[in-house]
Amino acid sequence: MEVRLDVDLEKGLVHTLRNRLPYEACGVIMGTVTSGIIEASEFRLIRNAAGHPAAHFSFHPEDWIAAFFEAQKNQREIVGFFHSHPLGTIVPSDSDLAGFVPWRTYWIIGLTEADHEIGVFARESDNYWTPIPLWVANAGLNTHTALPASSPADPK
């Protein structure tokens, strides 16, 4: 499995998440799945209803229901969930492990002051995150985003 993301969609997602700093932001990724390739085509922001939004996220129930039914109505597939880590890491946290909802992919966007990184994962078992290769298309050119070697997604 791999994920493909257009650079303009990446820029829009990162811009939206930066506008919500210092809080974690969250939402859904919509797209298509064909022969093990996930093509991300759009995202929907969902309000963060967590009690401590600077360190945690929780989908606002009304926004989550609206995004789900919008996808159904418009024949869109939700291919993943996303949330930001305002301190820059894409390493899944203990909170990510505890709050994981089994969907096709789980995206973590790590933001630093000058840059960002995107990690896309699947979860195979209670303690194992599988990194999914992410390709960002820019004017017909593809660049691969690899996860850091220190990621807990690596088998131990």
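Structure: see above.
Quick notes on the rules
- Residues numbered from 1 in each chain as written.
- Predicted model: local features only at pLDDT ≥ 70, side-chain atom pairs only at ≥ 80, totals over all residues.
- Heavy atoms only, no water.
- Phe/Tyr/Trp six-rings, centres within 6.5 Å; stacked < 30°, edge-to-face > 60°.
- Helix = DSSP H or I, 4+ residues; strand = E, 2+ residues; numbered from the N terminus.
- Buried < 20%, exposed > 50% of the residue type's maximum accessible area, 1.4 Å probe, protein only.
- Salt bridge = Lys/Arg side-chain N within 4 Å of Asp/Glu carboxyl O.
- Expected span 1.5 Å × (residues − 1).
- Polar contact = N/O pair within 3.5 Å; in protein donor to acceptor, adjacent residues only side chain to side chain.
- Contact = heavy atoms within 4.5 Å.
- Core = buried A, V, L, I, M, F, W, Y, C linked by side-chain atoms within 4.5 Å.

Trainee: Would you mind showing me how to read the packing of aromatic side chains here?
Mentor: For any pair of aromatic rings, the description rests on two quantities: the centre-to-centre distance and the angle between the ring planes. Inspection of every chain in the model, using the stated rule, returns 9 aromatic pairs. A centroid spacing of 5.5 Å and a plane angle of 80 degrees characterise the contact between Trp64 and Phe81, whose relative ring orientation is edge-to-face. Taken together, the positions of Trp64 in helix α2 (residues 61–73) and Phe81 in strand β4 (residues 77–85) put the pair 17 residues apart, joining distant regions of the chain. A relative accessible area of 23% places Trp64 in the partly exposed class. By the ring-pair criterion, three or more aromatic residues cluster together here, those being Phe57, Phe59, Trp64, Phe68, Phe69 and Phe81.

Trainee: Sorry if this is basic, but what is going on with the pattern of salt bridges here?
Mentor: According to the stated counting rule, one finds 7 salt bridges in the structure shown. For Glu42, the salt bridge goes to Arg76, with nearest N and O atoms at 2.6 Å. Within this pair, whereas Glu42 is found in strand β3 (residues 37–46), its partner Arg76 is found in the loop between α2 and β4, the two being separated by 34 residues in sequence. The buried category is assigned to Glu42, whose relative accessible area is 15%.

Trainee: Please clarify how helix α1 (residues 7–18) should be interpreted in this entry.
Mentor: Each α-helix winds once per 3.6 residues, and so residues spaced three or four apart point in a common direction. Between its terminal C-alpha atoms α1 stretches 16 Å, which fits the 16 Å expected from 12 residues at 1.5 Å a residue. Listed as buried for α1 are Val7, Leu9, Glu10, Leu13, Val14, Thr16 and Leu17. Of the residues flanking the start of α1, the one acting as N-cap is Asp6, its side-chain oxygen 2.9 Å from the backbone nitrogen of Asp8.

Trainee: Help me out: how do you make sense of the environment of Gly110 in this one?
Mentor: For Gly110, the position within the fold is in strand β5 (residues 106–111). Separated by 20 residues in the primary sequence, Gly110 and Ile90 have C-alpha atoms spaced 5.1 Å apart. When residues no more than four places from it in sequence are discounted, the contact partners of Gly110 are His85, Gly88, Thr89, Ile90, Asp115, His116 and Glu117.

Trainee: Just checking my understanding: could you explain the nonpolar core for this structure?
Mentor: Note on soluble globular proteins: their nonpolar side chains tend to be buried together. Ranked by size, the top nonpolar core spans 23 residues in total, and within it Leu5, Ile29, Phe82, Trp107 and Ile109 carry the most contacts. Of all elements in the fold, only β1 (2–6), α1, β3, β4, β5, β6 (116–125) and β8 (134–138) reach the threshold of two or more residues within this core. The dominant element in this core, judged by the number of residues it contributes, is α1, at 5 residues. Apart from residues no more than four positions distant in its own chain, Leu5 is found in contact with Glu10, Ala40, Trp107, Ile118, Leu134, Trp135, Val136 and Ala137. In this structure, Cys26, Val28, Ile78 and Phe81 belong to the second largest nonpolar core, which totals 9 residues.

Trainee: When you look at unusual backbone geometry in this model, what are you seeing that I'm missing?
Mentor: Following Leu21, the chain continues into Pro22 via a peptide bond in cis, with omega recorded as 10 degrees. Take Pro22: it is sitting in the loop between α1 and β2 (26–34). At Ser35, a position not held by glycine, the phi torsion is positive, near 50 degrees. In this structure, Ser35 sits in the loop between β2 and β3. Residues other than glycine seldom take positive phi values, yet Gln75 does so here, at roughly 55 degrees. Considering the arrangement of structural elements, one finds Gln75 in the loop between α2 and β4.

Bear in mind that shape data such as this cannot, by itself, settle questions of function.
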